[in-house]
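The chain contents come next:
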Amino acid sequence: MDDKFLCGILLGMIGGAVLATNSAKARQIVRDGQEQVKDKLNDVQKKSKNSTNE
């Protein structure tokens, strides 16, 4: 069962990559998600720098 599960995960990842590669809308969604993560990380880093400087 573990082999089937891992194969399913692998096929899902490959399918998602193919979908994102061939779809402009999917690429835009991925880019937006990456920007949101980067913004959150920058906010957390700024807050941690401010708290250590005080």
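Below or above, wherever it landed, is the structure these notes cover. Small disclaimer: the values here were computed from a predicted structure and weren't measured.

1. A closer look at the overall build of the protein
Helix and strand counts for the protein stand at two helices and zero strands. Relative to the compact-globule value of 10 Å for 54 residues, the protein shows a C-alpha radius of gyration of 18 Å, a clear excess of over 25%. Reported as C-alpha extents along the three principal axes, the dimensions of the protein are approximately 55 × 35 × 10 Å. Taken across its 54 residues, the protein has 2% of its residues classed as buried. Total accessible area on the protein stands at roughly 5,100 Å², and carbon and sulfur atoms take up 61% of it. Where the 9 positive side-chain charges of the protein centre and where its 7 negative ones centre are 6 Å apart.

How each quantity is defined
- Residues numbered from 1 in each chain as written.
- Predicted model: local features only at pLDDT ≥ 70, side-chain atom pairs only at ≥ 80, totals over all residues.
- Heavy atoms only, no water.
- Helix = DSSP H or I, 4+ residues; strand = E, 2+ residues; numbered from the N terminus.
- Rg over C-alpha atoms; globule rule 2.2 N^0.38 Å.
- Buried < 20%, exposed > 50% of the residue type's maximum accessible area, 1.4 Å probe, protein only.
- Areas by Shrake-Rupley, 256 points an atom, 1.4 Å probe, with all protein chains shown as cover.
- Lys, Arg positive; Asp, Glu negative; His and termini not counted.
- Charge placed at Lys NZ, Arg CZ, Asp CG, Glu CD.

Read these as layout, nothing more, since geometry by itself doesn't imply function.
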